[in-house]
Each structure stands twice: as C-alpha cells, then as structure tokens.
Amino acid sequence: MNILGAVLAGGSATRFGSDKALALLDREPLIDHAARSLAPYCTTVVIVGRDHGSVLSIPDLPVAGLGPLGGIAGALAYAADHGFDAVLTTACDTPFLPEAIVPALRQAAPAHAAEAPTVGLWPTRLATPLLTHLLSDGPRAIRRWATSVGATPVLPGITLSNVNTPEDLARLVRGQ
Ligand SMILES: Nc1nc2c(ncn2[C@@H]2O[C@H](COP(=O)(O)OP(=O)(O)OP(=O)(O)O)[C@@H](O)[C@H]2O)c(=O)[nH]1
C-alpha cells in the first residue's frame, strides 16, 4: 500500500504556551520525532499546516485554522492528487506511536486510535468534496467526521504520548 504520512502541525499550542512542535525531547523537536514515527510505514512524510525546514509542507483545506480535520482534509487532497492509497496521520505533539497501533489501523481502515483521533489511517477515497464542504462552515470535530465515514476506533485503553502542556513534556523527559 502506498501510504502518505502526515504530521498535523497547524495548532496554536495555547495550553503549551509556546511553539510545542519545536519543543525538545532528547534534543530533538517533537515534530521531528512525530515525522520519524510515521516513516517506517510510509512512502513519503509531509507536515500539514506549517513549514518545517526541508520537510515537504502542505496546506490545510479549505483554509488554515479549522483544526486538525482541516489538516486531514489537506493531506487527503494531496494524497488523491499524488496517487497515494491512504494517509497515515499523527500529531506534532505525539512523538511516539505504540508498536501495535499501525497494524491495528491497517486491519480496520478507515480507523483511528480510540484515545486520539489525530492518529488514524484514512483511505484516499475519503478525500471528498463533502469533507471540504463540511469544513467550509468552520471547525469540525475529527471524531464526528470519523464516525460519519464508518471509521473504527482501535486499541481502546492504549495511551499515546500526547504533549499538551509543559508538564506533559516534563513527564516524558522523565520517562513517565
Ligand atoms: N494542520 C493542522 N493541524 C492542527 C490544527 N489545529 C490543531 N492541529 C494539530 O492537531 C494536533 C492536536 O492539536 P491540539 O492539541 O488539540 O491543539 P493545539 O492548537 O496544538 O493546542 P491547544 O491550543 O493547546 O489546544 C496538534 O498536532 C496540532 O498541531 C489545524 O488547524 N491544522
């Protein structure tokens, strides 16, 4: 399967208080950890919703600032235009993926991590005008859209390393 990896990175990090995508864990920005976590499963990895060095960046759809689903819509449109079968998404504040998650997503696709819908495997056929149209009314929750397209929440109870606050990052640094 030709999979596009997409790191959703257009958030404002209000709770973190500074640019959390660039916050360091083991001397490396969180966004680089996230991109690396996708790489083994993907032909290409892109960043959605911001520029990041030499990594290919693509825009949200239909416009920036509509939340993570706008990033998924942008990634799906790019995947459709470039012949990918599916998009594997994660968040720039999720530096690692548990080993079991991608096999579970592949088996159930369309599917997302039950605990974090930003981590999902979305077949390219979901790149419909309907999604863009839905978003043209403003931000929409990923979970509601995921349910409407028949996505399966996988591995309930598996916690993802999600950084929302400086305290979350401090816990990860301590290895907790
Ligand atoms: N591409 C894209 N990604 C987004 C957008 N909004 C949030 N994200 C990403 O989605 C993931 C989860 O975002 P949240 O933690 O809910 O939001 P946040 O803006 O990063 O942080 P808060 O302001 O504290 O809620 C993060 O990786 C964000 O960068 C958006 O509008 N576009």
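Residues numbered from 1 in each chain as written. Predicted model: local features only at pLDDT ≥ 70, side-chain atom pairs only at ≥ 80, totals over all residues.

Among the nonpolar cores identified, the biggest contains 58 residues, and Leu4, Val7, Ile31, Ala75, Leu76, Val87 and Cys92 are the most heavily contacted of them. Ranked by residue count, the leading element in this core is helix H2 (residues 68-81), at eight residues. Sequence-distant contacts of Cys92, that is, excluding residues within four places in its chain, are made with Val7, Leu8, Ala9, Ala21, Leu30, Ile31 and Ala34. (Core = buried A, V, L, I, M, F, W, Y, C linked by C-beta atoms within 7 Å. Buried ≥ 20, exposed ≤ 12 C-beta atoms within 10 Å, placed from the backbone. Helix = DSSP H or I, 4+ residues; strand = E, 2+ residues; numbered from the N terminus. Contact = placed C-beta atoms within 7 Å.)

Taken together, 23 residues are adjacent to the ligand, and Gly10, Gly11, Gly49, Gly71 and Ala91 come closest. When residues in the shell around the ligand are grouped by element, the largest group, three residues, is from H2. Its residues placed into classes, the shell around the ligand shows nine nonpolar, eleven polar and three charged. (Near = placed C-beta within 6 Å. Nonpolar A, V, L, I, M, F, W, Y, C, P; charged D, E, K, R; others polar.)

In this section: the UniProt feature "binding site: GTP" (unreviewed entry) in the chain. Under the present numbering, the feature "binding site: GTP" (unreviewed entry) in UniProt falls on Leu8, Ala9, Gly10, Lys20 and Asp93. Their sequence span is 86 residues, while the largest C-alpha to C-alpha distance among them is just 12.4 Å; these annotated residues converge on one region. Tracing the chain through its elements places Leu8 in strand E1 (residues 3-8). For Leu8, a count of 28 C-beta atoms within 10 Å gives the class buried. Every residue in contact with Leu8, bar those within four places of it in the chain, is listed here: Val48, Gly49, Pro68, Gly71, Thr89, Ala91, Cys92 and Thr118. The residue Ala9 is located in the loop between E1 and strand E2 (24-25) in this model. For Ala9, a count of 29 C-beta atoms within 10 Å translates into the label buried. Setting aside chain neighbours within four positions, we find Ala9 in contact with Ala21, Ile31, Ile47, Val48, Gly49, Arg50, His52 and Cys92. (UniProt positions renumbered as here; feature names shortened; annotations may be inferred.)

Once that is clear, we can look at the environment of Thr165. Structurally, the position occupied by Thr165 is in the loop between strand E9 (152-154) and helix H6 (166-173). The exposure class assigned to Thr165 is partly exposed, which follows from the 13 C-beta atoms found within 10 Å. Separated by 151 residues in the primary sequence, Thr165 and Thr14 have C-alpha atoms spaced 8.7 Å apart. In this structure, Thr165 is in contact with Arg15 and Phe16, ignoring residues within four places of it in sequence.

What follows covers the packing of H2 against helix H4 (residues 129-136). Direction vectors running N to C along H2 and H4 enclose 150°, while the axes themselves pass 10 Å from each other. Regarding the angle of H2 to H4, the classification is roughly antiparallel. Two packed elements cross with a definite hand, and for H2 against H4 that hand is left-handed. Here Leu69, Gly70 and Ala73 of H2 come into contact with H4, specifically with Leu131, Thr132 and Leu135. In terms of residue class, the contact of H2 with H4 is made up of four nonpolar, two polar and no charged. (Axes fitted to C-alpha atoms, helices over the stretch in contact; angles between N-to-C directions. Parallel < 35°, antiparallel > 145°, perpendicular 65-115°, else oblique. Left-handed = near helix turned anticlockwise from the far one by under 90°.)

For the rest of this paragraph, the subject is the UniProt feature "domain: MobA-like NTP transferase" (unreviewed entry) in the chain. Taking the numbering used here, the UniProt-annotated feature "domain: MobA-like NTP transferase" (unreviewed entry) corresponds to residues 5-141. What you have in residues 5-141 is 28% helix and 23% strand, and the ends, taken at the C-alpha atoms, are 21 Å apart.

With the exception of glycine, the majority of residues adopt a negative phi angle, and the majority of peptide bonds are in the trans configuration. The omega torsion across Leu61 and Pro62 is -5°, close enough to zero to call that bond cis. The residue Pro62 is located in the loop between strand E5 (57-58) and H2 in this model. With omega at 0°, the peptide bond leading from Ala109 into Pro110 counts as cis. With respect to the secondary-structure elements, Pro110 resides in the loop between helix H3 (101-108) and strand E7 (111-113). The phi dihedral of Leu155 is positive, around 50°, even though this residue is not glycine. Among the structural elements, Leu155 can be located in the loop between E9 and H6. Since 20 C-beta atoms lie within 10 Å of it, Leu155 is described here as buried.

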